[in-house]
Structure formats: C-alpha cells, structure tokens
Amino acid sequence: MPSPSSAVSDSGRPAPSSLWRDRDFRRLWVGQTASQLGEHTSLLVLPLFAVLTLDATAGQLGVLRAVGQAPILLLSLLAGAWVDRWRTRTVMVLTDAGRTLALGAAALGALLGLLGLPALLVAAFTVGALSVFFDVAYQASLVRLVRRDQLVRGNSALEGSRSAAQIGGPALGGALVSVLSAPIAAAGSALFFALSFLSIRRIRRREVIPERSARPPHIGRRIHEGLRFVVGDTSLRTVCLASAAFQFCFAAMMTVYLLFLPRELHLSGTAVGLALAATGPGALLGSVLAARLPGRFGYGVVLVSAAALGDGAFLCVPALHGSAAVTLPVLVAVGFVFGTGGQLVNVMVMAVRQTATPDGMQGRAAATITFVGMGMTPLGSLLGGFLAQEWGLRTSLLVTATGMLLSPVVLALSPLARLGRTLPASAEEGRDRTPPFA
C-alpha cells in the first residue's frame, strides 16, 4: 500500500507533482544507487585483482570479463519472461541477497588465500547472472510504480543514481584495492548490495502487473512474443542494432583499456579508478541535459550527436605517453565526455523503449534489447584479449575505439535520427489518452 503521505492518482501511482515526495520511489532510488555502486565497484575490483594480484595475462583477463558478461547472453530473455509475471520488488530483493552472499564468499576466500582464478571466475559469473535479473526488474519497476507522464523525470533520477555509482564505484574500488586489499574491496561491494536489499524490501506500493491466466503461456512462447515485438518495431529494432555494435566494440576496448592503463601508462590502481570514475560526473551532466536538450533541439539530433561525441572521445587515448601527471588529466577528460554523451543516449533510448512498449511487455522488451546488445559483450571481451596479445595494446585500443563509432552511424541512418521534440505515443497510450511526457 502507498504511504499515507504520498499523493497518488486513481491508478495508485504517484501524482505528477509528487515524484520525490513518494516514499516508495525514494526507496527504489536509494536501492538502485546502492546496487549500482556495488556493481561498478565489483566490475573494477575483480579485474584489478586478476591483473595486480594474480598477474593475469591479456587472454585470462578477457576470459574473466567474458565469464562475468556471459549471463547477459544466456539469461536475459529468460529474465524478461520471468520478470513480466512477478513483482519486480521480489526479484530485486532476491538478487541483492544473492550478490551479497557471492561477493562476501569471494572476500572470505581471498582473505584465506583461496581465491585463485577459477574461484574468481565463479564469483564473476554468479554476480553477473544475478545482475541480469536485477537490471531487467528495475527497468520494469519504474513503469509499474509511476505514471507514464513521469517516466522522463523518473528515468533521469534513476540514471542520475547510476551516474553517482560511476563516480564512486570505480574510484572506491581502485582505492580499496591499492590502499587496503582486494578482499576488503570485494567486501565493500557486498555491503552495497546489502544496503540495496534493505532499501528495496521496504517498498510497500502494490505493483500493477499483468493478470496471470489460469494456464500461462509456455515460457518459450513468452520469449518469442518479446522477440517478435521488438523486431517488429522500427525504433526498438534500431536500438538493438546500435546497442549491439556499441557493446561489442566497447567490451573489446575496455578489456584492452584495463591492461593499457596499468601496463603501458604505468598507472596505479587508484589512478585507474579515478580515470574510470570520471565518466560519473559526465553522466550526471548528461542526466541533467537529457531533460532539457531534446525539447530544444529534438530527440534525433541530440541522440546522434551525443553518441558520436561520447564514443569518439576514446580515439585520442592510444596516442598518450608520459607520466601520470600528464596522462591522467587527459583520461579524466575523455571519461567525462564519454559519460556525458553516453548518459544522454541512455536516457533517451530508455524513454523511447518505455514509450513504445505496453506495460505487459516491458520486461521482455528490456530483456530482448539487453540480450541483443549486451549479449555481445562476452564476445567483445574475448576479442579484446586476443587483439591485445596479437597486435599490442596501442594498436588494439585504436582499432576497438574506432569500432565504437559504428553505433552513431547506425543511429544516424535510422528513423530515430528524425525524431522531433516530442516522442510519439504508443498505441496503448493513445487508447488511455495519457500524454507520454510531462
């Protein structure tokens, strides 16, 4: 039930002016922020532990990243079909608990000297698998908790929390690994997931989920319905293609990048964390701009420009030489620009997806796009490790950074590039006569 202090509409969702006054939305926001902090901390801690402590090779690092990302390819469609039939609160709480236990066990194993590469692979896969379910659930949860005319503000707030995690997570993870130890850093990630668990479990509003039939469709049929829906929609199909191109090349680039910074530029773990954390302030700026620029210049222009600017920022990195005093400020600037452009794209693409998708298909649509886009990351990570071994770090970084520009090219050649200052309402919204945005 909604809290007594929350102003709500007849549908049980908070009224347009009361988004931040609604306790359940604040609980979701706090839980999402903590969960993203845990995720972004662990995404740096586990590779740095492998590189700095286990002296992992480029190929081993590529395998580690691919194993952590493999659940996206293996489980995304299943997660979407499952989330559409369950309370998102339940899914998020269970996955937070599981990630807390997995990273807690990894921290304990490291303290006891038992955390070798095989155990690290198990921890990475477990956390990655549970994160797939959490991410699909949180994307569907907002649509069930707030009105459709609040989606831009709600998405901006949640993406802002992700930006805060991008600031704090890598910097904190790198500092903990450098100053203290990998076990402490892993334990810190586990604590963030525990905080998310405590916050999200306090959500009281009853979710509006599609009614379950006496004989629900087979899960394979539900997955097929989600795939057919996304493939049949021009906007969503374009998002899939652009996301696949970006995620494949970005995963390859990041595998090389995580080797390039400590081994070629000789940066410490703390400096690596700061370089990666620079995307956070940029993403905060991107969240703010996402609520203003589309209404002034049009969604299409901003979407393509932001993708080109953000993805192209990494092209200057392979040319860097010298001490950390010279290279670190440049890396911070690159991360800031990438974060700003990437966040603009994320907010607008999520708004396009949510607007084009009916409530009963939200989880499956999000999961299908995740499957097609993020499902390419394991292959990209493996490619990055292979290129780093065969071609060297600088050449590989230049090639993979150039490949990231495929995504804005796909967007520029699609109907999304012609979107105006407002997004078209979906058929479902047309029937409800509810404006897509405030």
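Residues numbered from 1 in each chain as written. Predicted model: local features only at pLDDT ≥ 70, side-chain atom pairs only at ≥ 80, totals over all residues. Heavy atoms only, no water.

A.B. asks: Quick question: what am I supposed to make of the overall build of the protein chain here?
C.D. replies: Within the protein chain, the secondary structure is distributed over 18 helices and zero strands. The buried share of the protein chain, reckoned over its 438 residues, is 57%. In the protein chain, 88% of the contacts between residues at least 6 apart in sequence involve partners at least 24 apart. (Helix = DSSP H or I, 4+ residues; strand = E, 2+ residues; numbered from the N terminus. Buried < 20%, exposed > 50% of the residue type's maximum accessible area, 1.4 Å probe, protein only. Contact = heavy atoms within 4.5 Å.)

A.B. asks: Explain the side chain of threonine 368 here, please?
C.D. replies: With respect to the secondary-structure elements, threonine 368 resides in helix 14 (residues 362-373). Contact partners of threonine 368, with chain neighbours within four places excluded, come to Leu77, Gly226, Leu227, Val230 and Cys240.

A.B. asks: Teacher, can you tell me more about helix 10 (residues 279-290) here?
C.D. replies: Over its 12 residues, helix 10 runs 16 Å from end to end, which matches the ideal 16 Å to within 8%, given 1.5 Å per residue. Of the positions making up helix 10, those classed as buried are Thr279, Gly280, Gly282, Ala283, Gly286, Ser287 and Ala290. Each buried residue of helix 10 sits inside an arc of 155 degrees when the element is viewed along its axis, so together they form one side. (Expected span 1.5 Å × (residues − 1). Arc of directions from axis to C-beta.)

A.B. asks: Whenever I open this one, the nonpolar core confuses me. Can you help?
C.D. replies: One broad trend across soluble globular proteins is that nonpolar side chains are buried collectively. Counting 50 residues, the largest nonpolar core has Met253, Tyr257, Leu261, Phe314, Val317, Leu331 and Met404 as its most contacted members. Of all the elements, helix 8 (residues 234-264) adds the most residues to this core, at 11 residues. Excluding its chain neighbours within four sequence positions, the residues that come into contact with methionine 253 are Phe314, Leu397, Thr400, Ala401 and Met404. The next biggest cluster of nonpolar side chains, apart from the first, holds 23 residues, and it includes Val230, Cys240, Val349 and Leu411. (Core = buried A, V, L, I, M, F, W, Y, C linked by side-chain atoms within 4.5 Å.)

A.B. asks: Explain the pattern of salt bridges here, please?
C.D. replies: Close approach of charged atoms allows side chains with opposite charge to pair. Within this structure, the stated rule accounts for two salt bridges. In this structure, aspartate 96 and arginine 99 form a salt bridge, with 2.8 Å as the shortest nitrogen-oxygen distance. Of the two residues, aspartate 96 and arginine 99 both sit in helix 3 (residues 88-111), three residues apart, roughly one turn of that helix. A salt bridge links arginine 394 to glutamate 264; its shortest N-O distance comes to 3.5 Å. Taken together, the positions of arginine 394 in helix 16 (residues 393-403) and glutamate 264 in helix 8 put the pair 130 residues apart, joining distant regions of the chain. The class for glutamate 264 is partly exposed, based on a relative accessible area of 33%. (Salt bridge = Lys/Arg side-chain N within 4 Å of Asp/Glu carboxyl O.)

A.B. asks: Sorry, what's going on with the packing of aromatic side chains here?
C.D. replies: One pair of aromatic rings is described through two measures. These are the centre distance and the angle between the planes. One pass over the structure, following the stated rule, counts five aromatic pairs. With 5.2 Å between their ring centres and 10 degrees between their planes, phenylalanine 246 and phenylalanine 250 make a pair best called stacked. With a gap of four residues between them, phenylalanine 246 and phenylalanine 250 both fall in helix 8, about one helical turn apart. By the burial criterion, phenylalanine 246 is buried, and phenylalanine 250 matches it. Look at phenylalanine 314 and phenylalanine 338: their rings are 5.1 Å apart centre to centre, the planes differ by 70 degrees, and that puts the pair in the edge-to-face class. Residue phenylalanine 314 is found in the loop between helix 12 (299-312) and helix 13 (324-356), and its partner phenylalanine 338 is found in helix 13; the two are separated by 24 residues along the sequence. For the pair formed by phenylalanine 314 and phenylalanine 338, the shared burial category is buried. Taken together, Phe246, Phe250, Tyr257, Phe314 and Phe338 form an aromatic cluster joined through their ring pairs. Here the guanidinium or amino end of arginine 99 rests over the ring plane of phenylalanine 134, the centre of that ring lying 4.7 Å away. (Phe/Tyr/Trp six-rings, centres within 6.5 Å; stacked < 30°, edge-to-face > 60°. Lys NZ or Arg CZ within 6 Å of the ring centre and 35° of its normal.)

A.B. asks: Would you explain a positive patch on the surface in this entry?
C.D. replies: Taken together, the side chains of Arg23, Arg26, Arg201, Arg202 and Arg204 define a basic patch exposed on the protein surface. Within the secondary structure, arginine 202 sits in the loop between helix 6 (182-200) and helix 7 (219-232). Arginine 202 sits in the partly exposed class, given a relative accessible area of 43%. (Patch = residues over 30% accessible without salt bridge, like charges linked within 9 Å, V, L, I, M, F, W, Y side chains within 5 Å. Areas by Shrake-Rupley, 256 points an atom, 1.4 Å probe, with all protein chains shown as cover. Lys, Arg positive; Asp, Glu negative; His and termini not counted. Charge placed at Lys NZ, Arg CZ, Asp CG, Glu CD.)

A.B. asks: Just to check I follow, could you spell out the confidence of the model for the protein chain for this structure?
C.D. replies: Detailed reading of the predicted coordinates is not advisable wherever pLDDT falls low. Per-residue pLDDT for the protein chain has a mean of 78; in total, 80% of the residues score no lower than 70. Summarising per-element confidence for the protein chain, the mean pLDDT is lowest in helix 18 (residues 427-432) (43) and highest in helix 16 (93). Here residues 427-438 is modelled with pLDDT under 50, and outside its nearest four sequence neighbours on either side it reaches 24 contacts, counting other chains as well. (pLDDT = per-residue confidence, 0-100.)

A.B. asks: Mind showing me how you'd approach the side chain of arginine 394 here?
C.D. replies: Within the local environment of arginine 394, its side chain forms a polar contact with the backbone oxygen of proline 318, the two atoms lying 2.6 Å apart. Setting aside residues no more than four positions away along its own chain, arginine 394 makes contact with Phe260, Glu264, Leu265, Pro318, Ala319, Leu320 and His321. (Polar contact = N/O pair within 3.5 Å; in protein donor to acceptor, adjacent residues only side chain to side chain.)

A.B. asks: Got a minute to help me understand a nonpolar patch on the surface in this structure?
C.D. replies: On the surface, a cluster of nonpolar side chains totalling about 460 Å² of accessible area is made up of Leu108, Leu111, Leu112 and Leu114. Residue class for leucine 114 comes out exposed when judged on its relative accessible area of 63%.

A.B. asks: Honestly, the environment of isoleucine 203 in this entry has me stumped. Any pointers?
C.D. replies: Note that isoleucine 203 resides in the loop between helix 6 and helix 7. Look at isoleucine 203 and you get buried, because its relative accessible area is 5%. Separated by 175 residues in sequence, isoleucine 203 and leucine 28 have C-alpha atoms that sit 7.2 Å apart. Contact partners of isoleucine 203, with chain neighbours within four places excluded, come to Asp24, Arg27, Leu28 and Arg89.

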